[in-house]
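Working through the structure, step by step
One-letter residues, chain by chain:
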Amino acid sequence: MGKHHFLSVVYYSYKPGSLDLLAESLSKQTYTNYELIIIDDYKERNHEKVVEYFKQYDVPLTVHCPSKPKCFPNTRYGQINAINTGFLHSKGQVLIGVSDFTYLQPQALERWNHVFT
């Protein structure tokens, strides 16, 4: 078998919902050498509940926070800022950006590792 990279899965969202889909798909991954970073701009979500929720699924959530302040505050959208925030927090050798309402097939992270081996 090839090299085992440490992957950073950066998930960004500003909408309610979708974390259940993420938790379930990550709990079924065949490759487990990764961290999950959630950049969450949905202000009404409870941080402690999110952390506890991912613990129940045994998913390695390392960061759950909102986006950093924008470098250019007058820009209209924040998606790239959210992605950059996640990348700043990441410790992985390979960074994978995932938007909300995405389901990762059970071998998805294993395939990503293989691509970079």
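This text goes with the structure placed above it.
Structure report, in brief. Because the structure is a prediction, the values reported are computed rather than measured.

1. Quick look at the overall build of the protein
- Scanning the protein from terminus to terminus reveals 4 helices and 4 strands.
- Secondary structure of the protein in N-to-C order comes out as β-α-β-α-β-α-β-α.
- Taking 2.2 N^0.38 as the reference for a compact globule, 117 residues should give roughly 13 Å; the C-alpha atoms of the protein span a radius of gyration of 14 Å, in line with that estimate.
- Considering only C-alpha atoms, the protein reaches an extent of 50 × 30 × 20 Å along its principal axes.

2. Remarks on the sheet that holds strand S4 (residues 94-99)
- Read across the open sheet, the 4 strands follow the order S3-S2-S1-S4; overall the sheet is parallel. Two strands in the sheet have a free side with no partner beyond their single neighbour: strand S3 (61-65) and S4. When the angles between neighbouring strand axes are averaged without regard to direction, this sheet yields 15°.
- Note: strand S2 (residues 34-40) against S3, 4 bridges, orientation parallel. Residue pairing across strands places Ile39 opposite Cys65, the latter belonging to S3.
- Contacts between helix H1 (residues 19-27) and the sheet are confined to strand S1 (7-13) and S2, with S2 contributing the most and set at about 175° to the helix.
- Against the sheet, helix H2 (residues 47-56) engages S2 and S3, with an angle of about 160° to S3.

3. Digging into the pattern of salt bridges
- In the structure shown here, the tally under the stated rule is 3 salt bridges.
- Put simply, Lys28 and Glu24 hold a salt bridge, and the shortest N to O gap is 3.0 Å.
- The partner of Asp40 in a salt bridge is Arg45, with the nearest N and O atoms 2.5 Å apart. Taken as a pair, Asp40 and Arg45 share a single burial class, namely buried.

4. Section: a nonpolar patch on the surface
- There is a patch of nonpolar side chains on the surface, built from Trp112, Val115 and Phe116 and spanning about 310 Å² of accessible area.
- Residue classification places Val115 among the exposed positions, given a relative accessible area of 58%.

5. Side note on the environment of Tyr11
- Mapped onto the elements, Tyr11 comes out in strand S1.
- We classify Tyr11 as buried; its relative accessible area is 0%.
- Between the C-alpha atoms of Tyr11 and Gly86, which are 75 residues apart in sequence, the distance is 7.6 Å.
- In this structure, Tyr11 is in contact with Ser18, Leu19, Leu22, Leu36, Ile37, Ile38, Ile39, Val98, Ser99, Asp100 and Phe101, ignoring residues within four places of it in sequence.
- Separated by 3.5 Å, the side chain of Tyr11 and the backbone nitrogen of Phe101 make a polar contact.

6. Structural notes on helix H4 (residues 108-115)
- The set of residues buried in H4 consists of Ala108, Leu109 and Asn113. For H4, the arc enclosing every buried residue in end-on projection is 140°, short of the 170-degree limit, so these residues lie on one face. Within H4, the exposed residues directed more than 90 degrees away from the buried face are His114 and Val115.
- Against S1, H1, S2 and S4 lie the buried residues of H4.

The rules we used
- Residues numbered from 1 in each chain as written.
- Predicted model: local features only at pLDDT ≥ 70, side-chain atom pairs only at ≥ 80, totals over all residues.
- Heavy atoms only, no water.
- Helix = DSSP H or I, 4+ residues; strand = E, 2+ residues; numbered from the N terminus.
- Rg over C-alpha atoms; globule rule 2.2 N^0.38 Å.
- Pairing = 2+ DSSP bridges.
- Axes fitted to C-alpha atoms, helices over the stretch in contact; angles between N-to-C directions.
- Contact = heavy atoms within 4.5 Å.
- Salt bridge = Lys/Arg side-chain N within 4 Å of Asp/Glu carboxyl O.
- Buried < 20%, exposed > 50% of the residue type's maximum accessible area, 1.4 Å probe, protein only.
- Patch = residues over 30% accessible without salt bridge, like charges linked within 9 Å, V, L, I, M, F, W, Y side chains within 5 Å.
- Areas by Shrake-Rupley, 256 points an atom, 1.4 Å probe, with all protein chains shown as cover.
- Polar contact = N/O pair within 3.5 Å; in protein donor to acceptor, adjacent residues only side chain to side chain.
- Arc of directions from axis to C-beta.

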